[in-house]
Amino acid sequence: EAQAELADAGLIDPIAYPVDGRLLRLLGPALCLKHGILPWRKIGGHTVVLTARPDEFALHRDGLRAVFGPVRMAVATEDQLTRALCASAGQMLIGGAETRVSARDSCRTWDTGRAQRFGLAILAALAAVLLLWPVWTLGVLTLWATVTLLANAGLKAATAWHLWRAKPSAPPGPSPSQRLPVVTLFVPLFRETEIAGQLIDRLSQLDYPRDLLDVCLLLEEEDLITRNAIAATNLPRWMRAIQVPRGGFKTKPRALNYGLSFARGDIVGVYDAEDCPDPDQIRQVVARFAHCGPDVACLQGVLDFYNSGSNWLARCFTLEYSTWFRMVLPGLERLGLVIPLGGTTLFFRRTALETLGGWDAHNVTEDADLGVRLARRGFRTELINTVTEEEANCRAWPWVKQRSRWLKGYAITYVVHMRNPARLWRDLGAWRFFGVQVLFLGTLSQFVLAPLLWSFWLIPFGVAHPLQTIWPPAVFWMFGGVFFCSELLNIAITARASVKAGRPRLARWAPTMHLYFPLAALAVYKGLAELFWKPFYWDKTTHGFYHNTPGA
């Protein structure tokens with residue numbers, strides 16, 4: 001009311017008095033959201049345009065006149081504008097969210113029928129050669145498994161070497177004259193009633209000016225349980241719930257793309273529902289972006305677990321994450337390779353994210369895919385030493401389901417970007433192209449063929465190995481030695497990662513990782529089967545079972 005009086009304008013509630021959809025379509029909902037304006041109705045030869053920012057209306061007046069002719073300003077609240085836009089143009093916005101990424105770079109053109117025929121042909125061919133030449137087929141597959149093992153081990157060793165030689169650098173501090181930007185944080189929620197209240201408490205610990213913090217809780221329209229839980233919660237003024245309309249599928253990247261249209265910040269971050277970030281995390285991100293060049297489009301934080309002491313699976317999961325975020329990803333950054341992003345504690349320059357078209361709404365590992373697309377467009381990702389703790393998924397079958405989704409997404413991402421290998425080579429260069437092969441094809445090959453490598457563990461127990469009949473003893477023992485040395489390397493790097501993570505007592509569990517990774521082999525078979533039947537299915541991981549259990 002005060003704004004309307006100061007601007008000598010009317011005050012209109014577009015919820016009580018709905019907008020003319022024809023006028024909205026002329027301007028487009030995305031532009032309305034970006035500038036906080038909404039063409040309402042034509043009255044007396046003028047188009048009445050609502051705004052939540054009357055002090056900025058003069059900036060848009062000429063453009064509005066070019067579309068509508070004479071215009072008059074009226075005032076509404078930001079919440080009223082958002083709700084009116086969602087009611088009038090929700091389907092237009094969700095349609096755009098599902099197709100933000102170009103078809104060339106998206107997996108939405110995935111032909112399930114063709115994939116099934118191709119998969120069945122591969123299985124039939126493999127069965128035929130196994131029947132005709134069983135030992136030689138096992139030999140060829142073992143050779144490929146060993147080659148990919150060497151590539152992965154070499155990459156890990158190179159990352160560890162570079163990190164050992166690197167000198168630690170202090171994080172940049174804010175410039176005295178630096179103007180803090182608005183930061184939008186997306187938190188997709190789906191069936192997360194167990195931790196809704198905890199989420200608000202955790203994000204409330206962030207040390208950043210509340211008038212510059214824009215937390216968007218993304219809720220699926222049909223998820224009435226979570227919507228009711230949030231509706232019954234007294235959200236702080238810097239948090240808002242955004243309802244994602246129904247569609248043919250539900251994925252986290254689809255919700256993120258929808259939310260991107262509502263973002264107010266120059267920096268966009270992503271958290272998961274169970275995340276507990278460092279209190280100074282946003283300030284560190286803002287300072288880092290201020291000191292980076294425009295080519296740095298993304299900052300990836302470190303993920304850790306607050307329930308690492310829950311059970312053995314939680315300890316192994318913590319060790320795996322420590323290795324990935326404390327050793328492998330920083331090493332990939334120093335080697336100049338593509339960084340497959342994690343799904344949370346990610347921060348983007350909004351302009352770069354919009355340039356790429358946001359996330360691929362159909363990809364179930366939208367983070368890894370986005371990391372590749374950033375690199376292909378000439379952007380860089382940097383690691384930032386700030387930690388977000390989350391809940392380790394430490395129940396066996398839910399762990400397998402979560403990992404199967406990740407590995408299925410890795411496979412889809414690899415196939416999409418290898419549709420045109422020559423173009424991928426041109427975009428990335430030879431060195432980073434090689435890195436993509438190791439990270440994606442190598443990882444998938446390792447998990448699929450892992451039982452062949454594990455068979456070498458039978459030899460010390462006196463069990464004859466079938467490959468001993470076709471390989472000379474020196475070659476056979478060389479392959480066994482490669483497998484054994486790679487396992488020692490993995491133990492050493494995992495133990496070192498636990499020390500870097502400040503959890504040295506977890507190092508004693510590093511040798512048991514040999515019993516942990518067979519679950520991933522089971523997961524890859526489940527994921528590849530889904531690849532041919534339901535490639536876009538998002539196997540939901542339920543959280544809220546463990547609350548800040550002390551670490552091991």
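Conventions we followed
- Residues numbered from 1 in each chain as written.
- Predicted model: local features only at pLDDT ≥ 70, side-chain atom pairs only at ≥ 80, totals over all residues.
- Heavy atoms only, no water.
- Patch = residues over 30% accessible without salt bridge, like charges linked within 9 Å, V, L, I, M, F, W, Y side chains within 5 Å.
- Areas by Shrake-Rupley, 256 points an atom, 1.4 Å probe, with all protein chains shown as cover.
- Salt bridge = Lys/Arg side-chain N within 4 Å of Asp/Glu carboxyl O.
- Helix = DSSP H or I, 4+ residues; strand = E, 2+ residues; numbered from the N terminus.
- Core = buried A, V, L, I, M, F, W, Y, C linked by side-chain atoms within 4.5 Å.
- Buried < 20%, exposed > 50% of the residue type's maximum accessible area, 1.4 Å probe, protein only.
- Contact = heavy atoms within 4.5 Å.
- 1 Å grid on protein atoms, 1.4 Å probe; cavity = no way out; pocket = protein on both sides within 12 Å on 5 of 7 lines; lining within 4 Å.
- Points joined across faces, edges and corners; volume = space filled by probe spheres on them.
- Nonpolar A, V, L, I, M, F, W, Y, C, P; charged D, E, K, R; others polar.
- Expected span 1.5 Å × (residues − 1).
- Bend = angle between axes of the 7 residues up to and from the residue.
- Axes fitted to C-alpha atoms, helices over the stretch in contact; angles between N-to-C directions.
- Left-handed = near helix turned anticlockwise from the far one by under 90°.
- Pairing = 2+ DSSP bridges.
- Right-handed = clockwise from strand over helix to strand, strands pointing away.
- Phe/Tyr/Trp six-rings, centres within 6.5 Å; stacked < 30°, edge-to-face > 60°.
- Lys NZ or Arg CZ within 6 Å of the ring centre and 35° of its normal.

**A look at a nonpolar patch on the surface**
- On the surface, a cluster of nonpolar side chains totalling about 550 Å² of accessible area is made up of L131, L132, W133 and W136.
- Tracing the backbone shows L131 in helix 6 (residues 112-132).

**Section: the nonpolar core**
- Membership of the largest hydrophobic core comes to 109 residues, with the highest contact counts inside it found for L50, F186, F348 and L374.
- Counting residues per element, this core draws most heavily on helix 12 (residues 312-335), which supplies 11 residues.
- The contacts of L50, once residues within four sequence positions are left out, are I12, P14, G36, I37, L38, W40, A74, A76 and L81.

**Some thoughts on the layout of surface pockets**
- By volume, the second largest pocket amounts to about 1400 Å³.
- Around the second largest pocket, the lining comprises 34 residues; the ones closest to its centre are F118, I122, L528, L531 and F532.
- Contributions of two or more residues to the lining of the second largest pocket are made by helix 6, helix 7 (134-165), helix 15 (396-417), helix 16 (421-448), helix 17 (450-454) and helix 20 (518-533).
- The dominant element in the lining of the second largest pocket, judged by the number of residues it contributes, is helix 6, at 11 residues.
- For the lining of the second largest pocket, the class distribution of residues is 27 nonpolar, four polar and three charged.

**Observations regarding helix 5 (residues 78-98)**
- Compared with an ideal rise of 1.5 Å per residue, which puts 21 residues at 30 Å, helix 5 spans 25 Å between its outermost C-alpha atoms and falls more than 12% short.
- A89 marks the point of greatest bend in helix 5, at about 80°.
- Residues Q80, L81, T82, A84, L85, A89, G90, L93, I94, A97 and E98 constitute the buried set of helix 5.
- Check the buried side of helix 5 and you find it contacts helix 2 (21-27), helix 3 (29-35), strand 2 (37-43), strand 3 (46-51), strand 7 (239-244) and helix 10 (252-260).

**Considerations on the packing of helix 7 against helix 18 (residues 473-500)**
- Between helix 7 and helix 18, whose axes approach to 10 Å, the crossing angle comes to 30°. Handedness of the crossing formed by helix 7 with helix 18: left-handed. Along its contact with helix 7, which presents T142, L143, T146, L149, L150, A153, K156, A157 and A160, the element helix 18 presents F479, V482, F483, S486, L489, N490 and I493.
- Split by residue class, the contact of helix 7 with helix 18 holds 11 nonpolar, four polar and one charged.

**A word on the pattern of salt bridges**
- Per the stated rule, a full pass over the model turns up 25 salt bridges.
- Between R423 and D105 there is a salt bridge whose closest N-O contact spans 3.7 Å. Of this pair, R423 sits in helix 16 while D105 sits in the loop between helix 5 and helix 6, placing them 318 residues apart in sequence. The two residues R423 and D105 agree in class, both being buried.
- Connected via shared salt-bridge partners are R104, D105, R376, R423 and D427.

**A look at the pairing of strand 7**
- By the bridge criterion, six bridges tie strand 6 (residues 213-220) to strand 7 in an arrangement that is parallel. Note on strand 7: the bridge partner recorded for L217 is A241.
- Once the chain exits strand 6 it traverses helix 9 (residues 224-231) before rejoining the sheet at strand 7, and the crossover so formed is right-handed.

**Let's talk about the packing of helix 15 against helix 16**
- Closest axis-to-axis distance for the helix 15/helix 16 pair is 10 Å, and the angle between their directions is 150°. Crossing of helix 15 against helix 16: the hand is left-handed. For the pair formed by helix 15 and helix 16, the contact residues are L407, Y410, A411, T413, Y414 and H417 on the first element and L424, Q437, L439, F440, L441, L444 and F447 on the second.
- Of the residues that constitute the contact of helix 15 with helix 16, the class distribution is 10 nonpolar, three polar and no charged.

**Description of the sheet that holds strand 4 (residues 71-75)**
- Pairing within the open sheet is mixed, and its four strands lie in the order 1-4-3-2. The outermost strands of the open sheet, each flanked by one partner alone, are strand 1 (10-11) and strand 2.
- Against the sheet, helix 4 (residues 57-68) contacts strand 2, strand 3 and strand 4, and its axis sits at roughly 130° relative to strand 4.
- Packed on one face of the sheet, helix 5 meets strand 2 and strand 3 and runs near 75° to strand 2.

**Structural notes on the packing of aromatic side chains**
- Under the defined criterion, the tally for this structure stands at 22 aromatic pairs.
- Positioned over the ring face of F249 is R254, at 5.7 Å from the centre of the ring.
- The side chain of R405 reaches across the aromatic face of W538, ending 4.2 Å from its centre.

**Looking at the environment of L123**
- Tracing the backbone shows L123 in helix 6.
- Its relative accessible area of 55% is what places L123 among the exposed residues.
- Taking the C-alpha atoms as reference, L123 lies 32 Å from A474; in sequence the two are 351 residues apart.

**Topic: the environment of V268**
- Here V268 shows up in strand 8 (residues 267-270).
- Residue V268 is classed as buried on the basis of its relative accessible area of 0%.

**Remarks on the pairing of strand 12 (residues 380-390)**
- Most of strand 12 sits inside the fold, with eight of its 11 residues counted as buried.
- Judged from the two bridges that link them, strand 9 (residues 276-277) and strand 12 form a sheet pairing that is antiparallel. Among the inter-strand pairings, P277 is bridged to a residue of strand 12, identified as T388.
- Where strand 10 (residues 296-305) lies against strand 12, eight bridges are found, and the strand directions are parallel. Residue V296 lies in a different strand from strand 12, and its bridge partner there is R380.

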